[in-house]
Every structure is written in structure tokens, then in C-alpha cells.
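Examination of the molecular architecture
Chain by chain, the residues:
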Amino acid sequence: MKTKGFLLASALTMTVISTAPAMAARDYISIVGSSTVYPFATVVAEQFGKTSGFKTPKIESTGSGGGFKLFCGGVGVEYPDITNASRAIKSSEIEKCAANGVKDIVEVKIGYDGIVLANSKKSAPLKLTRKDIFLALAKDVPDPKNPGKLIPNPYKTWKEVNPELPDTKIEVLGPPPTSGTRDAFVELAMEGGAKKFDFIAAMKKADKKAYKKVCHTVREDGAYVEAGENDNLIVQKLQANPVSVGIFGYSFLDQNSDVIQGSFVESEAPTFENIAEGKYPVSRPLFFYVKKAHVDVIPGMKGYLAEFTAEKAWGNEGYLADKGMIPMPDAERKEYAANVKNLKAIGM
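Residues numbered from 1 in each chain as written. Predicted model: local features only at pLDDT ≥ 70, side-chain atom pairs only at ≥ 80, totals over all residues. Heavy atoms only, no water.

**Focus: unusual backbone geometry**
So the rule is basically this: What counts as a helix is a DSSP run of H or I of at least four residues, what counts as a strand is a run of E of at least two, and both are numbered from the N terminus. Only protein chains enter the accessibility calculation, which uses a 1.4 Å probe. A residue is then buried if its area is under 20% of the maximum for its type, exposed if over 50%, and partly exposed in between.
One non-glycine residue, E266, lies in the positive phi region at around 50°. Note that E266 resides in the loop between β12 (264–265) and α12 (272–276). What makes E266 partly exposed here is its relative accessible area of 27%. Unlike most non-glycine residues, L343 shows phi in positive territory, near 50°. Positionally, L343 belongs in the segment after α16 (330–341). For L343, a relative accessible area of 14% corresponds to the buried category.

Quick look at the structure:
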């Protein structure tokens, strides 16, 4: 009986030890998500760490999709408190969150960003249309000899896509499918170009699934190279290969404007002013999402949220604008600041 009692006690001890890390309090904010939002969140986190008396939040760049997967895993200190996103949360992700007990989520829009197609300053800037972008990067494109029929993408050079473009190989370094930048790029740039073909535009009503597949499927024959979630690595590769093109958020162009330049899209340059005024066609909002259940548990959560939504950070003259983020209009900032202050959860 003593042996049995000893074994039971040992089993209980091992159970406590194995669950201790999950139950232990965490004294820092854990943030995951978008590589585009990462530099903005990092600046806010560093500022918060310097001025608040709390530990500087730990931030991982996982991509928007990867961030939602981690964020929606559950409630508790082993799960992230906040996830950054370069697209809005999907209904399927809200459902996954709810299934795992994550039921109160606060959505915080922080500003706007342009998606840039950039190349080395050693080459001339490209002047593209969204139609050019679709024809260069889609897996299947209209047959030039038989309009109305789709064929596997035959184009090897930009000149084959459009005679006015340079006779250089199509080589585009871009984000993987887990990236919010990729999601926004295929929706805004590629779908925007695909709709220029009447028979593809007509698919939207006839067969939405087929339409989306045509518009959003990127070619896999080497012309598009998945370069991971590291935008700095793409910048380095563009410098090494002046004919290649990279896809990333405007802030990375802004931070590396000494060595790379943005392509014109529909005759508009990807400038701060053009994105802010809605002239540049490939732009999107940026977000982060907060797990309300963690706000009163994890030290510093309210302070970090207050820092991010302060005018000195996200305002027109704020330090995030200096880093390349396009501020929201005054009324929109006021609305989201109120939502954050009241911890207003999105509808589930």
C-alpha cells in the first residue's frame, strides 16, 4: 500500500511540474503576427518599455495568418496577448478563436500602408498597371491567341507582358501564403488586373470560387519566389540582383529608399501622400487584435494600448508616421481610440 501511495504522490508531483510553466504568471506582453506591422509595433514596444516601468513587450514576426493561428489557440499565459495583422481577421478565424475560448477580441485599426513592387535603383523604375501585374504573376492567364480561354502563364519577360516594359526576366520576390501582405496583394493588385478581362470579371457572378482561383493563384514555375516573412532579406536580394522585383509594405521602401525604388502602379508612385489620399491603388489598412481576457491579467497591457493609440504615436505628426505608417483620418483615430479605451469587442 505504501508503494501504491508513493507512486500516486509521485504522479501528482510530476503533473504539477509539467503544468507549472503554463500556470506561471507572465510579466511581459506577448505579441505575434504581421511582418508589415512588426516594425511599428516594435517602436511602440520600445517606447513603452523605456517610459512605463513595465518590461518591453516581446514581438515575433510570424505573418498575419500565423499570428491568428497562435492567437486563436486559447486563453492563458501560454498564448499571445496581441496579434498584428496586415488584413482584417476572417470569419473562419473568429470561429476558431471562439471554439478555443477566445471570445472577446478587440480590433484596433492603426493606419494604412501601401503594397509596393520595388526594384534596385541600379535599374529604371517600372511603370505597371494592375493588368500587367496579373499577367506577370498569375498561374493561368488569358490566351493571347484565343481570348476567353485560360492557359498556363507563358510569359518569361516583362516585355512579353507589355511591349512598353523592359526586356528583363520576370523574377518577383514576395511573401508566402501565410502573409497578410500576400492576401492583400492578390486581392488588390492581381484581382484588380484580372477584372480588366471581361470574361474573368463575368466569372464573379457565375462561379465565385473559380473566379477567386483565377485571380488569386500565383504562378509556381519560378517567376514568383516565396521569400519568407523577412522583408529585409528581400531588400538585400534586390540589391544583389537589379532586375528582380520585391513585394512588401511601403514602410520598407521608405526605410531603404537609398537603395531601392517603388514601381508606379496606374501612373501613381507609392508615396506617403498618394497612399494617404487614396490615389495609389494598392493600399490597405493595418490592424492589431487584443485578447480582452488578458488585459487585466498581463502586466502593462492597458499602458501598451494607451501608448499605441496616443496622438504622439499614431497621429499625423506621430513617431509611427516617421517610420512610414500612413495615419488614419482624425475621426477614424478618435473612433478606434474610444474602442480601445472601452475595450469594445468585435461582433462574434
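From this point, things continue past the structure.
**Looking at the pattern of salt bridges**
Oppositely charged side chains are able to pair whenever their charged atoms sit close together. For clarity, the cut-off: Salt bridges are defined as contacts in which a side-chain nitrogen from Lys or Arg sits within 4 Å of a carboxyl oxygen from Asp or Glu.
All told, the structure shown has 15 salt bridges when counted by the stated rule. Where R87 meets D183, a salt bridge forms, and the shortest distance between an N and an O atom there is 2.7 Å. Here D183 lies in helix α7 (residues 180–194) and R87 lies in the loop between β3 (82–85) and α4 (91–99), a separation of 96 residues in the sequence. By relative accessible area, which is 11% here, R87 ends up buried. When salt bridges that share partners are traced, they join R87, E93 and D183 into one network.

**As for the confidence of the model for the protein**
Reading predicted coordinates in detail is not appropriate for stretches of low pLDDT. The criterion, for reference: Confidence per residue, as judged by the predictor, is encoded in pLDDT with a range of 0 to 100. Contact criterion: two residues are considered in contact whenever any of their non-hydrogen atoms come within 4.5 Å of each other.
Taken over all residues, the pLDDT of the protein has a mean of 90, while the share at 70 or more is 93%. When the criterion is pLDDT under 50, residues 1–24 qualifies, and its contacts beyond four places in sequence or with other chains add up to three contacts.

**A few points about the packing of aromatic side chains**
Using the following cut-off: Two aromatic rings, drawn from Phe, Tyr or Trp (for Trp, its six-membered ring), form a pair once their centres lie within 6.5 Å of each other, and the interplanar angle then sorts them: stacked below 30 degrees, edge-to-face above 60, tilted otherwise. Any Lys NZ or Arg CZ that is within 6 Å of a ring centre and within 35 degrees of that ring's normal is treated as a charge sitting over the ring.
All chains considered together, the criterion is met by nine aromatic pairs. Geometrically, the ring pair formed by Y304 and F308 is edge-to-face, given 5.9 Å between the ring centres and 80° between the ring planes. Here F308 and Y304 lie together in helix α13 (residues 301–308), a separation of four residues that amounts to about one turn. On the basis of relative accessibility, which here comes to 0%, the residue F308 falls in the buried class. A network of ring pairs unites the aromatic residues F48, F54, F288, Y304 and F308 as a single cluster. Positioned above the aromatic ring of Y28 is the side chain of R26, whose terminal nitrogen or guanidinium carbon lies 5.5 Å from the ring centre. For the cation-ring pair, K58 lies above Y28, with the distance from its terminal atom to the ring centre recorded as 4.4 Å.

**Focus: the environment of K122**
Heads up, the rule is: Polar contact is defined as a pair of N or O atoms within 3.5 Å, subject to the rule that within protein one atom must be able to donate a hydrogen and the other to accept it, and that residues adjacent in sequence are counted only when both atoms are side-chain atoms.
Of note, K122 is situated in the loop between β4 (105–120) and β5 (127–128). Sequence separation between K122 and Q239 is 117 residues, and the spatial gap between their C-alpha atoms is 8.2 Å. For K122, the residues in contact, after removing those within four places along its chain, are Q239 and P242. A polar atom in the side chain of K122 sits 3.4 Å from the backbone oxygen of Q239.

**Let's talk about helix α3 (residues 64–71)**
Along α3, the positions that sit buried rather than exposed are S64, G66, G67, F68 and F71. Where α3 is buried, its residues contact β1 (30–33), β3, α4, β4, α7 and β13 (283–291).

**What about the side chain of S120?**
By secondary structure assignment, the location of S120 is in strand β4. Beyond its immediate stretch of four places on either side in the chain, S120 contacts L238, P242, V259, I260 and Q261.

**Things to note about the environment of A41**
Relative to the assigned elements, A41 resides in helix α2 (residues 38–52). As a C-alpha pair, A41 and K96 span 55 residues in sequence and 25 Å in three-dimensional space. Setting aside residues up to four positions removed in sequence, A41 forms contacts with I59, N84, Y304 and F308.

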